[in-house]
Amino acid sequence: MEASYDPEQNPPLHAPLLDRSSPRTGRFAAVFACLFSLISLLALIINQTQQPFEKVQPRGVAEGVSAKSNPSLLNQVPFNWTNAMFSWQRSAYHFQPQKNWMNDPNGPLYHKGWYHLFYQYNPYSAIWGNITWGHAVSRDLIHWLYLPLALVPDHWYDIKGVWTGSATILPDAQIIMLYTGETNESVQVQNLAYPANLSDPLLLHWLKYPGNPVMVPPPGIKPDDFRDPTTTWLGPEGTWRLTMGSKFNTTIGISLVYHTTNFRDYELLDGVLHAVPGTGMWECVDFYPVAINGSVALDTSSFGPGIKHVLKASLDNTKVDHYAIGTYAPKTDKWTPDNPEEDVGIGLKVDYGRYYASKTFFDQHKQRRVLWGWINETDTETADLKKGWASLQTIPRTVLYDNKTGTNLLQWPVEEVESLRLNSTMFKEVLVEPGSVVPLDIGTTTQLDILAEFEIEPLISSTTNEIGNCGDGAVDRSTYGPFGLLVIADASLSELTPIYFRPLNASGGTLKTYFCTDETRSSKASDVFKQVYGGKVPVLDDENYNMRVLVDHSIVESFAQGGRTVISSRIYPTEAIYGAARLFLFNNATGVNVRATLKIWELNSAFIRPFPFERDSV
């Protein structure tokens, strides 16, 4: 069923909450200032009588892995969360375990009709620790079924954690799994595992190679700076290669390269695949080819004319995934970025929001490269323990080279997510004037797939001293932006999450556009980390501004210009939940009208559940 926008039933609102000069803000400013002064005075008196606060280390760091908690929130006064709020936060169609903690995606692959996802998992708690490999399967990358644990820490070489790894499917269909283990002496080593029975479509049982570990930290590499082997690729002379992350001299991020012919014995090459000063420890390195025609995905072992290679690293210092596109020389095993000014760690991000430890695999079933990414919580561990779960995975995304710009990847939700679409609503050329908010009456708004296109109509007015990038959020007004959507908002706009474009004047009369998400007013809770996320997005002369937004309760994934720039957000509203959640258009630009055309689908749940072993098939 489709409906059209009716301006009489959905009149535009003025947007005082999107303006620094909000009357509401002014009305309470004096009272707030007095209260703040009083609280500050009391805090000063109390602090003078207490010992200095001990700095809390993020969970996981002491074990030599990426931070798995929010130390800035560990000492916050907890918000009065209710069970209803916690229940609403759980996603309906993103993958997450039934309970407890999850982090990095591991070894994704396709085998005998099933997609397999392995993931870092704590079987005992909703906070990081006791890391094993959880396991789930799906026919379509959306409807998942939980399986028993795949790998557990039960040998001296992985007793302190079965950490991140990757799968390689050999030409004879054998499956090789390489993963990082932490030994009984806290050394990171690389181990080999393989299915006990390749004829089993579910790959329920895994064997660990008796000769593990197959790789140990080489000279010059610290014992806790050696982790996360990639999928291997076959070189021109028939030797398999892999790369993994490390660092040199504390600040230089590097990717080591190993050769093997049998997956039991490995030779470390002199030099590195690539290194970038100032980027620190590289984790979860990914390395894969892309076709420059942008139309097809490639097997990991592809190389030659018409092919570039993507090098991606998760930066331990910043908890951000960066990538760059460049040229790989298989004879020397060196990679060179196309643009050194946007090298790995200093340029493009895989995702500009809350996102980390991503991993791709080549889906030989549909001839596509599929990207997974881990989204952690931005509330407190106390809240996670009360919920009984923490973290989720993004919707799997296809990855292609953007041959229109020649500088970007294109990420897009896998087509199977469209199987969840239910009723749709169409809005055509809705006028959104400067400083206004337009409600979109579509009913339930907590599980949505939104396609939106915006045209701007320049007016006379303009602003000066425009703040670059995303500024301080949607309140920073400029001539051409911000404009976009308000998702998971309540009717009074006391809680809202703007997703928006922000074009800014650039040299030569052109516009430089940023795509942003503003979480600063997404929740009234004080114990939630809230931030403005975003980055630049190319908008070509023949293109309108367009975005796709997947809303799934506490996670929002936003894709601009066909997936050139992507932002994942975690939001925890206290009022804009269940039937109170609303959707709006907004325009906080000063110099343009905006006309928006949208198609919005309500999405079904994926009903992720345990595998029904009592049945013969699913």
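Above this text is the structure in question.
Anyway, here's the lowdown on the structure attached to this text. Computed from a predicted model, the values in this text were never measured in an experiment.

### A few points about the sheet that holds strand 7 (residues 175–182)
Moving on, step 1. Taken together, the 4 strands give an open sheet; going across it, the order is 6-7-8-9, and neighbouring strands pair in antiparallel fashion. The open sheet is flanked by strand 6 (162–169) and strand 9 (206–208), the only strands paired with a single partner. Direction aside, neighbouring strands of the sheet carry axes that sit 30° apart on average.
Moving on, step 2. As paired elements, strand 7 and strand 8 (residues 188–195) share 6 bridges and run antiparallel to each other. Paired with G181 across the strands is V189, a residue of strand 8.

### Comments concerning unusual backbone geometry
Moving on, step 1. Put simply, N212 and P213 share a cis peptide bond, and its omega is 0°.
Moving on, step 2. Residue position: P213 is located in the loop between strand 9 and strand 10 (233–234).
Moving on, step 3. The amide bond that connects G481 to the next residue, P482, takes the cis arrangement and shows omega of 10°.
Moving on, step 4. Among the secondary structure elements, P482 is positioned in the loop between strand 27 (447–458) and strand 28 (483–489).
Moving on, step 5. For S186, which is not glycine, the phi torsion reads 65° and is therefore positive.
Moving on, step 6. Relative to the elements of secondary structure, S186 occurs in the loop between strand 7 and strand 8.
Moving on, step 7. By relative accessible area, which is 31% here, S186 ends up partly exposed.
Moving on, step 8. A positive phi angle, close to 45°, is found at C284, a residue other than glycine.
Moving on, step 9. Structurally, C284 can be placed in strand 15 (residues 282–291).

### So, the nonpolar core
Moving on, step 1. Counting residues in hydrophobic clusters, the biggest one holds 88 residues, and the most contacted among them are I450, F454, L585 and L598.
Moving on, step 2. Among the elements that take part in this core, strand 36 (residues 592–603) stands out by supplying 7 residues, more than any other.
Moving on, step 3. Split by domain, the residues of this core number at least three in each of domain 1 (98–413) and domain 2 (421–603).
Moving on, step 4. What L585 contacts, discounting residues up to four positions off in sequence, is V430, V432, S436, V437, V438, L440, F454, G484, L485, A596 and L598.
Moving on, step 5. Counting residues in each nonpolar core, the second largest holds 16 residues, with L192, V214, F226 and M244 among its members.

### Digging into the side chain of T394
Moving on, step 1. By the element assignment, T394 lies in the loop between strand 22 (392–393) and strand 23 (397–401).
Moving on, step 2. For T394, a relative accessible area of 1% corresponds to the buried category.
Moving on, step 3. In contact with T394, not counting residues within four places along its chain, are H94, Y355, W372, G373, I375, E557 and S568.

What counts and what doesn't
Residues numbered from 1 in each chain as written. Predicted model: local features only at pLDDT ≥ 70, side-chain atom pairs only at ≥ 80, totals over all residues. Heavy atoms only, no water. Pairing = 2+ DSSP bridges. Helix = DSSP H or I, 4+ residues; strand = E, 2+ residues; numbered from the N terminus. Axes fitted to C-alpha atoms, helices over the stretch in contact; angles between N-to-C directions. Buried < 20%, exposed > 50% of the residue type's maximum accessible area, 1.4 Å probe, protein only. Core = buried A, V, L, I, M, F, W, Y, C linked by side-chain atoms within 4.5 Å. Domains from an automatic or database assignment. Contact = heavy atoms within 4.5 Å.

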